[in-house]
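# Structural overview for review
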Amino acid sequence: MKIFTTRRQIREYLSAQNPATVGFVPTMGALHNGHLSLIAQAKQGSNIVVCSIFVNPTQFNDPKDLENYPRPIEADIAKLEQAGCDVLFNPAVTEMYDANEQWHLNIGPLEHLLEGEFRPGHYQGVTQVVYKLLDIVKPDTLYMGQKDYQQIMVVNRMIELMDMPVKMVMCPIEREADGLAMSSRNIHLSPADRQHALVLSKTLNRIKSNFDIDNIPQLQQQAMEMLKAENDVQPEYFEIVDGETLLPAGKDSTTIVALTAARVGKTRLIDNVLIK
Ligand code: AMP
């Protein structure tokens, strides 16, 4: 696997290779099988697979969360080699941002809904870094996880607004055997938290099973009660929304998704399930 840390090197390498198709998997590292499933899917659809590992400071609204974010780069490199990734882009913050750089993209209501309400500025940071990475790698296809469902909607909106020539592929959520969605943040869970965290996927599955029985306000209330009843779990939201707009689901919604975020001990986790 080729490893580059500067924009110039990776641009020169990719233009010299001139592959027919480039698949791109952006990550913040601390790789797990969820990330590796994206690499596997990218390998099936592209001649060259590029992965980036960059803990993007502009998408963190909590400086402690940024500081504590795991950065096991040697283990990540070994996992990517094993997965058959062709190129890793692992820049420093100074390579990606000028001091005091400003950015604002009008992505409409998506910015302030759900995650946006609890993580102010998060999606501006996401659009900023994904825009820069797409401009550097110029992939044909971008592979992102359903785990961050709203992030996919936000990046799709940016691609549309900026008229970028890239296709998005949404990859399914990889879970542990007991249902917990894989996440780089799971390593912060104590053994007790790890058990309490199962309530997120259990609640999502329960609501999916009851979808044809109860109405949406009833389901949302049941879900919040189930989450609150678990020790050391503090839910931030549980919403059943239209899968395209993320606004309240209606009769004409062709896609419906249930999304949740909760603090489990000191760790903030998110999860979701496609209902329809
Ligand atoms: P992150 O490193 O958390 O920014 O995630 C990088 C990419 O991996 C994003 O597109 C995520 O949605 C995706 N991802 C994270 N966790 C999972 C998972 N459990 N299953 C599938 N994809 C995931």
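Report on the accompanying structure.

Conventions adopted
Residues numbered from 1 in each chain as written. Predicted model: local features only at pLDDT ≥ 70, side-chain atom pairs only at ≥ 80, totals over all residues. Heavy atoms only, no water. Axes fitted to C-alpha atoms, helices over the stretch in contact; angles between N-to-C directions. Helix = DSSP H or I, 4+ residues; strand = E, 2+ residues; numbered from the N terminus. Parallel < 35°, antiparallel > 145°, perpendicular 65-115°, else oblique. Contact = heavy atoms within 4.5 Å. Nonpolar A, V, L, I, M, F, W, Y, C, P; charged D, E, K, R; others polar. Near = heavy atom within 4 Å. Polar contact = N/O pair within 3.5 Å; in protein donor to acceptor, adjacent residues only side chain to side chain. Areas by Shrake-Rupley, 256 points an atom, 1.4 Å probe, with all protein chains shown as cover. Pairing = 2+ DSSP bridges. 1 Å grid on protein atoms, 1.4 Å probe; cavity = no way out; pocket = protein on both sides within 12 Å on 5 of 7 lines; lining within 4 Å. Points joined across faces, edges and corners; volume = space filled by probe spheres on them. Core = buried A, V, L, I, M, F, W, Y, C linked by side-chain atoms within 4.5 Å. Buried < 20%, exposed > 50% of the residue type's maximum accessible area, 1.4 Å probe, protein only.

## Things to note about the packing of helix 1 (residues 7-17) against helix 7 (residues 122-137)
- Axis separation between helix 1 and helix 7 bottoms out at 9 Å; the angle between their running directions is 40°. Taken together, the axes of helix 1 and helix 7 are oblique relative to one another. Contacts from R7, I10, R11 and L14 of helix 1 reach helix 7 at K132, D135, I136 and V137.
- Looking at the contact of helix 1 with helix 7 residue by residue, the classes come out as four nonpolar, no polar and four charged.

## A look at the site of the ligand
- For the ligand, the set of nearby residues contains 16 residues, the closest of which are M28, G145, D148, E174 and M182.
- Take M28: an N or O atom from its main chain is 2.9 Å from an oxygen atom of the ligand.
- Between D148 and the ligand, the recorded distance is 2.7 Å, taken from a side-chain N or O atom to an oxygen atom.
- Expressed as a share of its isolated accessible area of 480 Å², the protein-covered part of the ligand is 93%.
- Considering each element in turn, the shell around the ligand owes the most residues, three residues, to helix 2 (residues 33-45).
- By residue class, the composition of the shell around the ligand is eight nonpolar, five polar and three charged.

## Describing the sheet that holds strand 8 (residues 256-264)
- Pairing within the open sheet is antiparallel, and its three strands lie in the order 7-8-9. Edge positions in the sheet fall to strand 7 (233-242) and strand 9 (267-274), since each has one partner strand and no second. Strand-to-strand twist in this sheet, taken as the mean axis angle between neighbours without regard to direction, amounts to 15°.

## Focus: empty space enclosed by the protein
- In the structure shown here, the tally under the stated rule is one cavity of 30 Å³ or more.
- Here the largest cavity is characterised by a volume of approximately 60 Å³.
- Around the largest cavity sit K147, L180, A181, S183, N186, L200, L269, I270 and D271, which together line it.
- With three residues, the top contributor of residues to the lining of the largest cavity is strand 9.
- Grouping the amino acids of the lining of the largest cavity by side-chain chemistry returns five nonpolar, two polar and two charged.

## A few points about the nonpolar core
- Counting 44 residues, the largest nonpolar core has I10, V50, L134, L142, V155 and L246 as the members making the most contacts within it.
- If you tally residues by element for this core, the top one is helix 7, at eight residues.
- Residue contacts for V155: discarding those within four places in its chain leaves V126, V130, L142, M144 and M168.
- If you look at the next biggest cluster of nonpolar residues, it comprises 23 residues, including A197, L227, V233 and I256.

## Side note on unusual backbone geometry
- In this structure, N100 is a non-glycine residue whose phi angle is positive, near 60°.
- On the secondary structure map, N100 appears in the loop between helix 5 (93-96) and helix 6 (115-118).
- For D232, which is not glycine, the phi dihedral falls at a positive 60°.
- Note that D232 resides in the loop between helix 11 (216-228) and strand 7.

## Some thoughts on the side chain of D271
- As for its placement among the helices and strands, D271 is situated in strand 9.
- Of the polar contacts made by the side chain of D271, one reaches the side chain of R175; its length is 2.9 Å.
- Residues contacting D271, with those up to four places away along its chain left out, are I173, R175, A181, L200, S201, L204, A258, L259 and T260.

Fair warning: the whole summary comes from geometry, so function is off the table for now.
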